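Structural description and commentary
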Amino acid sequence: MLNITINGRQIKAKEGATVLQAARDHNIYIPTLCANDAVAPYGACRLCLVEIKTAKGRERLVTSCIYLVEEGLAVQTETERIGKIRKMLLELLLARCPDSEEIISLAKKAGVEKTRFVEQEGNNKCILCANCARTCDEVVGVAAISLAKRGVDRELTTPFNEDFSEACIGCGSCSFSCPTGAITMEDVKGTRTIKWPHNSIKFKMRKCPVCGQYWAPEKQIEYVAKTSGTPLSDYDKCPDCRD
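Residues numbered from 1 in each chain as written. Predicted model: local features only at pLDDT ≥ 70, side-chain atom pairs only at ≥ 80, totals over all residues. Heavy atoms only, no water.

**Digging into the packing of helix α2 (residues 80–96) against helix α3 (residues 101–109)**
Which entries qualify depends on this criterion: In this analysis, axes come from line fits to C-alpha atoms, helices being fitted only over the stretch in contact, and the angle between any two N-to-C directions falls in the range 0 to 180 degrees. Going along the chain from the N terminus, every DSSP run of H or I of four or more residues is numbered as a helix, and every run of E of two or more is numbered as a strand. Here the angle decides the label: under 35 degrees means roughly parallel, over 145 means roughly antiparallel, 65 to 115 means roughly perpendicular, and every other value means oblique. Note on convention: the crossing is left-handed when the near helix lies turned anticlockwise from the far helix by less than a right angle, right-handed when the turn is clockwise. Here, two residues are considered to be in contact whenever any of their heavy atoms come within 4.5 Å of each other.
Taken N-terminus to C-terminus, the directions of α2 and α3 make an angle of 155°; their axes are 10 Å apart at the nearest point. Considering the angle they form, α2 stands roughly antiparallel to α3. Note that α2 runs across α3; the crossing there is left-handed. Across the interface between the two elements, Leu90, Leu93 and Leu94 of α2 pack against Ile103, Ile104, Leu106 and Ala107 of α3.

Structure below.
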């Protein structure tokens, strides 16, 4: 264990942990949108910026979700400088996604009621953090969606920007990992619809012959059977109705 301080409080931190993880382990709040323990640290939203001072006396701003703790590190999470930077970041995020309830809530907590910048249209709550794409690739292992283009044209999309992705299995992990509600998933009458910011895709779901409930997309079941090496017939019934 390493000895560090956060806001003057002495704590023990696991070697290899990020500053954000160490703070969370000790119930110290640092705002973030894109941090996701299920995937590799990425540092996209920058809301988790903190000020640090190393044991050698070097001071600077770092992104706490990707900066690793070290012996003697002193961290400040709520300085005047940090507060100003977070407010600016939240104003920019509000301008990009003025309809995101999560961003509006975070902004209010930071004392930001509105943005000074021109509000954009058509981003559909997407902040381009790539949490969905990273989860799809690193957790599910299919890489069905990704960020494409550059600069102001950058967007989350499917291959060839179509309402179809050959690799997508309809599991909905992208929806669960999205921090701003930009991706939605809905199951209605045997069809699962996943809506991304600029695309959507539908999947036929399997119906349990015992309880009659639609419980998972056919494509997801086929993927699970293939990757686990188990017979497809093992998945005829839903998990609740299996012996």
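From this point, things continue past the structure.
**Comments concerning the confidence of the model for the protein**
To keep it simple, the criterion reads: pLDDT gives the predictor's per-residue confidence on a scale running from 0 to 100.
Per-residue pLDDT for the protein averages 93, and the proportion of residues at 70 or more is 100%. The least confident element of the protein is strand β7 (residues 155–157), whose mean pLDDT is 86; the most confident is strand β5 (residues 74–76), at 98.

**What to know about the sheet that holds strand β2 (residues 9–13)**
The criterion, for reference: In this scheme, strands are said to pair when DSSP sees at least two bridges between them.
One open sheet holds the five strands; their spatial order is β2-β1-β5-β3-β4, and the pairing between them is mixed. Lying at the two open borders of the sheet, with one neighbouring strand each, are β2 and β4 (59–63). Pairs of neighbouring strands in the sheet enclose a mean axial angle of 35°, with direction left out of account. Here strand β3 (residues 49–53) runs beside β4; their pairing, made up of five bridges, is antiparallel.

**Examining the sheet that holds strand β10 (residues 200–207)**
Strands sit in the order β8-β9-β10-β11 across an open sheet of four strands; the sheet is antiparallel. Both edges of this open sheet fall to β8 (184–188) and β11 (214–217), since each of them pairs with a single strand only. Direction aside, the axes of adjacent strands within the sheet are offset by 30° on average. Most of the contacts of helix α6 (residues 218–228) go to β11, to which it runs at about 65°, and overall it touches β9 (191–195), β10 and β11.

**A few points about the nonpolar core**
Here is the rule we go by: The term nonpolar core refers to a set of buried residues drawn from Ala, Val, Leu, Ile, Met, Phe, Trp, Tyr and Cys, joined through side-chain atoms within 4.5 Å. Three labels apply to residues, based on accessible area from a 1.4 Å probe with only protein chains included: buried if under 20% of the type maximum, exposed if over 50%, partly exposed otherwise in between.
Ile145, Leu156, Cys174, Ile183, Ile194 and Trp196 are the most contacted members of the largest nonpolar core, which has 23 residues in total. Looking at this core element by element, the count peaks at four residues for helix α4 (residues 131–140). With residues near it in sequence (within four places) discarded, cysteine 174 still touches Cys132, Ile145, Ile183, Ile194 and Trp196.

**Describing α3**
Our working rule: Working note: the arc is built from the helix axis to C-beta atom directions.
Turning to α3, its buried residues number three or more, namely Ile103, Leu106 and Ala107. Down the axis of α3, the buried side of the element spans an arc of 100°, and every buried residue falls inside it. Seen from the buried face of α3, the exposed residues on the opposite side, beyond 90 degrees, are Glu101, Lys108 and Lys109. Among the structural elements, α2 are those in contact with the buried residues of α3. Looking one or two residues past α3, glycine 111 carries a phi angle of roughly 85°, positive in sign.

**Comments concerning the pattern of salt bridges**
Quick reminder of the rule: Whenever a carboxyl oxygen of Asp or Glu lies within 4 Å of a side-chain nitrogen of Lys or Arg, that contact is scored as a salt bridge.
If you walk through the whole model with that rule in mind, you get nine salt bridges. Close ionic contact of lysine 84 with glutamate 80 constitutes a salt bridge, the shortest N to O distance being 3.6 Å. Here glutamate 80 and lysine 84 lie together in helix α2, a separation of four residues that amounts to about one turn. Take lysine 84: its relative accessible area is 56%, and that puts it in the exposed class. When its relative accessible area of 61% is taken as the criterion, glutamate 80 is described as exposed. Ionic pairing is found between arginine 206 and glutamate 218, a salt bridge with its closest N-O pair at 2.8 Å. Placement of arginine 206 in strand β10 and of glutamate 218 in helix α6 is noted, with a sequence separation of 12 residues between them. Among the charged side chains, a network of salt bridges with common partners joins Arg206, Glu218 and Asp236.

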